[in-house]
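Architecture and fold: a report
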Amino acid sequence: MSLDLRRPRGFRDLLPAEAQAREALLARINACFETGGYGLIETPSIEYFDALDAAGSAHRDDAFRFVDVDGRLLALRTDVTIPLARVVATRFRGLDAPFRLRYSAEVFREQESLRGNDRQFTQIGIECIGPDAETADLEILQLAAAGLDAAGLDDYCIHLSNSTVMRRLIAVALAGATDGDSVDALAADDADDADAAYAAWRAGDLIRLTELVAAAPAAGRGAASALRALIDTQGDLSLADRLVDAVDDLDGQARRAMEGFAATCHGLIDAGLDRHFRIDFSVAPDFDYYTGLVFEIYAPAAGELLGSGGRYDTLLASLGRDLPAAGFVYAVPRLQRAMSAGNAAQRDVLRIAVPKGKLFGDTVELLDAAGLDTRGLAEAGRRLQVQADGVEYTIAKPSDVAIYVSRGAVDCGIGGRDILVEADFPLLQLADLGFGACEFVVAARDTDTATLDEMSLALGTVRVATKYPRLAQAHFDARGIQAEIVKLNGNIELAPLIGIADVIVDITQTGTTLRENKLRIVEHLLPSTARFVANTVSARRDGRVMELARAFRRLTGVTHATQTTAHTTDSTKGE
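Residues numbered from 1 in each chain as written. Predicted model: local features only at pLDDT ≥ 70, side-chain atom pairs only at ≥ 80, totals over all residues. Heavy atoms only, no water.

**A closer look at the overall build of the chain**
Counting secondary structure elements, the chain contains 22 helices and 23 strands. For a compact globule of 575 residues, the expected C-alpha radius of gyration is about 25 Å, and the chain comes in at 25 Å, within 12% of that figure. Viewed in the frame of its principal axes, the chain has a C-alpha envelope of about 75 × 65 × 60 Å. Counting only residues that meet the buried cut, the chain has 54% of its 575 residues in that class. Considering only contacts within the chain whose residues lie at least 6 apart along the sequence, 72% involve residues at least 24 apart. Carbon and sulfur atoms make up 49% of the accessible area of the chain, which totals about 24,500 Å². Put simply, the chain has 60 plus and 84 minus side-chain charges, and the middle of one group is 4 Å from the middle of the other. (Helix = DSSP H or I, 4+ residues; strand = E, 2+ residues; numbered from the N terminus. Rg over C-alpha atoms; globule rule 2.2 N^0.38 Å. Buried < 20%, exposed > 50% of the residue type's maximum accessible area, 1.4 Å probe, protein only. Contact = heavy atoms within 4.5 Å. Areas by Shrake-Rupley, 256 points an atom, 1.4 Å probe, with all protein chains shown as cover. Lys, Arg positive; Asp, Glu negative; His and termini not counted. Charge placed at Lys NZ, Arg CZ, Asp CG, Glu CD.)

Written out as structure tokens, the structure reads:
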């Protein structure tokens, strides 16, 4: 048998030149953290999976899992914060806080095939455990900037937000929370809309968040208005006092959190660091355990998020020791790529992905109405890229728009919600454009009058043919129906007629094709229209993206918040 010498997918060899550069980079950053009073700590690469699960790791589903000879379920660590919290809760139990810890370590995450994601990467970061929020928040932000300075990265920006403020305003707006209520108690009390809105903010769907906030009851309209204003806010640290005023009479907990946030901003100004920081309430936490300050790190030379962090006051309590804590991490491979790219200036052209096919004509009209130079775009012929005044258009297959945007190959683009949902790549959904309307449906032969529940009872497993396996599986899982998904690439309507599936999941505009092929709609899943989406980094470093989003909303008459953050598979606290 021949030996397979290939590297496993998602892992890479680090050759001497790159390894030496990484070693030097880590040494500079570690020296900075050590000077700040942070002691080095190392934890095993393997943890009991129960610890990840109990601590609410955002990446527990991505963990490499295996069973040891004792029958215990183990996992390779998916981040370092939870292992360090375990050490503090157990090994440091007899010691008095505070604890200031630094680390550089490999983390591991299982990733789907054919998505181009690493499954092992290096992180370096700090955790400040025990000091009060006012002390620790300012300390870790100053060290986040100092570490980048030590690395030699001159041009960077750290975007600040606060998850407590957002969560409280959502609860007040949509669940009728009062100052004495805890958000967790509300969640147990049928606060479905509030939960959905908070999840939409975290997952990057501000379109959905705005829809939910727009339906706030009369008692919550003040908080709803403040929410919309916060998501619309991007600016320098001098905005902090105005934001305190904006939430002053709405909720005591939100006001106190915002006052603490403003105090941190003033501390950064006093330290002369304000040029590197920006208030940006579109930044959302990637992890369940974040409770206050959250932040993300960007650089013009890099098309990727370089680092992230925040406050997580409940994590230690979930492991048996109640201590406040905050920390951050740099993604070392991304930081190294940014260093190699140099401190580049913002590019001159805005790169936009334009979809081929049925959305193309409406897209060109909208771009033209927004004031962009579209000369040559409508007559592009076989050209796949068109240069215009200040813009570079990439004409893409609709199914590729999401990955182009997510990977930073373009700054922004337009794609149908159907494609975006199925692709499930991290990006920013900025505006619903209203055209290209269709909907996802489940359809069966018109001679079969059974509901999906009746099919499930009769068949045990429902066979489903679709071009959208991810969406179809999620729908049937949510319905509690056992399904066998068969992926087809075309002529989905044939599947029930020739007996390879009981139902199909597909998109339809009028239902005519279904009727002509003797199919009927069994269930409606979700509507789909064209959406304007952007790369996280591009939207935050290039104001033209946000300007275009606002222009599109004016032109289409659809009101949405100006931006959102990526789902956290793109957060470097979990890279």
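**Re the sheet that holds strand β2 (residues 46-48)**
With antiparallel pairing, three strands are arranged side by side in an open sheet as β2-β4-β3. In this open sheet, the two strands that pair with only one neighbour each are β2 and β3 (65-67). If you compare each strand with its neighbour and ignore which way they point, the axes differ by 35 degrees on average. Inspection of the sheet shows β2 paired to strand β4 (residues 73-76) by three bridges, in the antiparallel sense. Counterpart to Glu47 in the pairing with β4 is Ala75. (Pairing = 2+ DSSP bridges. Axes fitted to C-alpha atoms, helices over the stretch in contact; angles between N-to-C directions.)

**Details of the side chain of Glu422**
Within the secondary structure, Glu422 sits in helix α16 (residues 417-423). For the buried residue Glu422, which engages in no salt bridge, the nearest side chain bearing the opposite charge is Arg470, 4.3 Å off. Those residues in contact with Glu422, other than ones at most four positions away along the chain, are Tyr468, Pro469, Arg470 and Leu471. (Salt bridge = Lys/Arg side-chain N within 4 Å of Asp/Glu carboxyl O.)

**A look at the layout of surface pockets**
One number sums up the size of the largest pocket: a volume of about 940 Å³. For the largest pocket, the lining is made up of 41 residues, of which Ser399, Ile419, Glu422, Lys467 and Tyr468 are closest to its centre. Classifying every residue of the lining of the largest pocket by side-chain character gives 15 nonpolar, 13 polar and 13 charged. (1 Å grid on protein atoms, 1.4 Å probe; cavity = no way out; pocket = protein on both sides within 12 Å on 5 of 7 lines; lining within 4 Å. Points joined across faces, edges and corners; volume = space filled by probe spheres on them. Nonpolar A, V, L, I, M, F, W, Y, C, P; charged D, E, K, R; others polar.)

**Some words on the pattern of salt bridges**
Throughout the structure, instances matching the rule amount to 22 salt bridges. A salt bridge links Glu34 to Arg102, with the nearest nitrogen and oxygen atoms 3.9 Å apart. Here the residue Glu34 occupies a position in helix α1 (residues 16-35), and Arg102 occupies one in strand β5 (residues 99-108), the gap between them amounting to 68 residues. A residue is classified by how much of its surface remains accessible, and Arg102, at 10% relative accessible area, is buried.

**Focus on the pairing of strand β16 (residues 412-416)**
In summary, the side chains of a regular strand alternate between the two faces of the sheet. With five of five residues buried, β16 is to be regarded as a mostly interior element. Burial along β16 is two-sided: Cys412, Ile414 and Gly416 facing one way and Gly413 and Gly415 facing the other are all buried. Relative to β16, strand β13 (residues 350-355) runs parallel, the two being bridged by two bridges. Bridge assignment links Ala353 to a residue of β16, and that residue is Gly413. As defined by bridge partners, β16 adjoins strand β23 (residues 530-534) across five bridges and the pair is classed as antiparallel.

**Quick notes on the nonpolar core**
Core analysis: the largest hydrophobic core is formed by 77 residues, its most contacted members being Phe33, Leu160, Phe295 and Tyr330. Formed by 32 residues, the second largest nonpolar core is a distinct cluster that contains Val354, Leu433, Ala530 and Val545. (Core = buried A, V, L, I, M, F, W, Y, C linked by side-chain atoms within 4.5 Å.)

**Some details on the pairing of β13**
With six of its six residues buried, β13 lies for the most part within the structure. Residues of β13 alternate between two faces, with Leu350, Ile352 and Val354 on one and Arg351, Ala353 and Pro355 on the opposite face, all of them buried. Pairing of β13 with strand β15 (residues 391-396) involves six bridges; the strand directions are parallel. Each residue of the ladder has a partner; that of Pro355, found in β15, is Ala396.

**Some words on the packing of helix α5 (residues 163-175) against helix α11 (residues 252-270)**
Between α5 and α11, the least distance of the axes is 9 Å, while the angle of their chain directions is 160 degrees. Classified by the angle between their axes, α5 and α11 sit roughly antiparallel to one another. Crossing handedness for the pair α5 and α11: left-handed. In this structure, α5 uses Thr164, Val165, Arg168 and Leu169 to contact α11, whose residues at the interface are Gln253, Ala254, Ala257 and Met258. Here the residues of the contact of α5 with α11 are counted per class, giving five nonpolar, two polar and one charged. (Parallel < 35°, antiparallel > 145°, perpendicular 65-115°, else oblique. Left-handed = near helix turned anticlockwise from the far one by under 90°.)

**With respect to the packing of aromatic side chains**
Within this structure, the stated rule accounts for 12 aromatic pairs. Residues Phe33 and Phe328 carry aromatic rings whose centres are separated by 5.7 Å and whose planes lie at 80 degrees to one another, so their mutual orientation is edge-to-face. One end of the pair, Phe33, is in helix α1; the other, Phe328, is in strand β12 (residues 325-331), with 295 residues separating them in the sequence. Of the two residues examined, Phe33 and Phe328, each falls in the buried class. The lysine or arginine in question, Arg72, covers the ring of Tyr48, its NZ or CZ lying 3.8 Å from the ring centre. Over the aromatic face of Tyr198 sits the side chain of Arg167, whose NZ or CZ is 5.0 Å from the ring centroid. (Phe/Tyr/Trp six-rings, centres within 6.5 Å; stacked < 30°, edge-to-face > 60°. Lys NZ or Arg CZ within 6 Å of the ring centre and 35° of its normal.)

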